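Structural characterization, general
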Amino acid sequence: LVAAQVLGPEAVTQLGVPSQMFNLVLSILSIFFLPFWPAYAEALVRGDHVWIRLWVIRSFKIALAFAGPVLVGMVLLGENLLRWWVGEAVQASLALLLGLATWTLLATIGNAISMLLNAANVIRFQLVVSIAMAVTAITLKIVLALPFGIEGIVWGTVLAYGLVSLGPALWYLRSVLPRRLEQIACKVVVHE
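These notes cover the structure that comes with them. Since the model is a prediction, treat every value here as computed from it, not as a measurement. (Residues numbered from 1 in each chain as written. Predicted model: local features only at pLDDT ≥ 70, side-chain atom pairs only at ≥ 80, totals over all residues. Heavy atoms only, no water.)

Considering the pattern of salt bridges
Rules: A side-chain nitrogen of Lys or Arg and a carboxyl oxygen of Asp or Glu constitute a salt bridge if their distance falls within 4 Å. Every helix listed is a DSSP run of H or I at least four residues long, and every strand listed is a run of E at least two residues long, numbered separately from the N terminus. Partly exposed residues are those whose accessible area sits between 20% and 50% of the maximum for their type, while under 20% is buried and over 50% is exposed, using a 1.4 Å probe and protein chains only.
Counted according to the given criterion, the structure contains 3 salt bridges. Residue Arg46 is joined to Glu42 by a salt bridge in which the shortest nitrogen-to-oxygen separation is 3.1 Å. Residue Arg46 and its partner Glu42 are both found in helix H3 (residues 36-46); the two are separated by 4 residues, about one turn of the helix. Assessed through its relative accessible area of 46%, Arg46 is described here as partly exposed. When salt bridges with common partners are traced through the structure, they connect Glu42, Arg46 and Asp48 into a single cluster.

In structure tokens form, the structure reads like this:
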């Protein structure tokens, strides 16, 4: 939407096609992380916070171990992959490919965190962060698209997600969620 309105219809293709290439990696990892949601929920019911902590860390490592090399390869071979996929119609700069790779990695880590937050029924926090992220991302995309083109749109997303979504999610995971889980465990013990 921003690409079309700010840069014109051709920018949609120049951004959309490379984005789809990177979205494939994100989709695969999202499918991989989906079973963690019920597993975390079960561990929360059992009060097994050690298992949760272990698998949150492992999920980050798995994401980095898989996505890291794949994304580096996609950045290095991106032009060739695009040429093979769609011909000469779409060109992607190194800045665009790096931005899409960074976005994919950040979103993968965010998905891993979301599985735990969903299992812990932390909905309000995620909703507030998502709304703030959307507003910030749209603003940054527009501001950065004018001087930097489609690369600015991608990097606007990266900045907004990193600062307004992933940063607070990591803070919540480390600072708030452990206290919240302790309160839930105390309520369960009292009711038993």
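Let's pick the thread back up.
Concerning helix H6 (residues 123-148)
To keep things clear, this is the line we draw: What a helix should span is 1.5 Å times the count of its residues minus one.
With 26 residues, H6 extends 35 Å between its outermost C-alpha atoms, agreeing within 8% with the 38 Å of an ideal straight helix rising 1.5 Å per residue. Phi turns positive, to about 70°, at Gly149, one or two residues after H6.

Some details on the packing of aromatic side chains
Selection criterion: Aromatic pairs are defined between Phe, Tyr and Trp rings, using the six-membered ring for Trp, whenever the two ring centres lie within 6.5 Å; interplanar angles under 30 degrees are classed as stacked, those over 60 as edge-to-face, and all others as tilted. A ring is scored as having a charge over it whenever the NZ atom of a lysine or the CZ atom of an arginine sits within 6 Å of its centre and within 35 degrees of its normal.
This model, assessed by the stated rule, comprises 10 aromatic pairs. Centroid distance Trp103 to Tyr161: 5.0 Å. Interplanar angle 85°. Geometry classified as edge-to-face. Highlighted residues: Trp103 in helix H5 (residues 94-119) and Tyr161 in helix H7 (residues 150-191), separated in sequence by 58 residues. Taken together, Phe32, Phe33, Phe36, Tyr40, Trp51 and Trp55 form an aromatic cluster joined through their ring pairs. Across from the ring centre of Trp55, 4.8 Å away, lies the NZ or CZ of Arg58, which sits over that ring.

So, the nonpolar core
Soluble, globular proteins show a tendency: their nonpolar side chains are buried together. Put simply, the rule reads: Only buried Ala, Val, Leu, Ile, Met, Phe, Trp, Tyr and Cys residues count toward a nonpolar core, and they belong to the same one when joined by side-chain atoms within 4.5 Å. The contact definition used throughout considers only heavy atoms, calling two residues in contact when any of these lie within 4.5 Å.
Among the nonpolar cores identified, the biggest contains 54 residues, and Phe22, Tyr40, Ile113 and Leu177 are the most heavily contacted of them. Tyr40 has contacts with Trp51, Ile52, Trp55, Val56, Ser59, Ala112, Met115, Leu116 and Ala119, leaving out every residue within four places of it along the chain.

Quick look at the environment of Leu24
Looking at where Leu24 falls in the secondary structure, it is placed in helix H2 (residues 9-33). Distance from Leu24 to Thr104, taken between C-alpha atoms, is 9.5 Å for residues 80 residues apart in sequence.

Considerations on a nonpolar patch on the surface
What counts is decided by this rule: Patches in this entry comprise residues that are over 30% relatively accessible and not in a salt bridge; like charges within 9 Å are linked, as are nonpolar side chains (Val, Leu, Ile, Met, Phe, Trp, Tyr) within 5 Å. Here the Shrake-Rupley method, with its probe set to 1.4 Å, supplies the accessible areas, and only the displayed protein chains count as covering residues.
Taken together, the side chains of Val72, Leu76, Leu77 and Leu81 define a hydrophobic patch exposed on the protein surface, amounting to about 380 Å² of accessible area. Topologically, Leu77 is positioned in helix H4 (residues 49-86).

What to know about H5
Spanning 26 residues, H5 covers 38 Å between terminal C-alpha atoms, matching the ideal 38 Å at 1.5 Å per step. Across the 26 residues that make up H5, a large majority, 19, are buried. Of the residues flanking the end of H5, it is Asn121, one or two places downstream, whose phi is positive at about 60°.

A short note on unusual backbone geometry
Phi is positive for Asn121, close to 60°, though the residue is something other than glycine. Relative to the helices and strands, Asn121 is located in the loop between H5 and H6. Relative accessible area serves as the criterion here: at 53%, Asn121 is assigned to the exposed category.

What to know about the environment of Gly99
Note on placement: Gly99 falls in helix H5. Taking the relative accessible area as the measure of exposure, Gly99 reaches 0% and is therefore buried. If we skip the residues at most four places from it in the chain, Gly99 touches Val154, Trp155 and Val158.

None of the figures reported here should be taken as evidence of function without further support.
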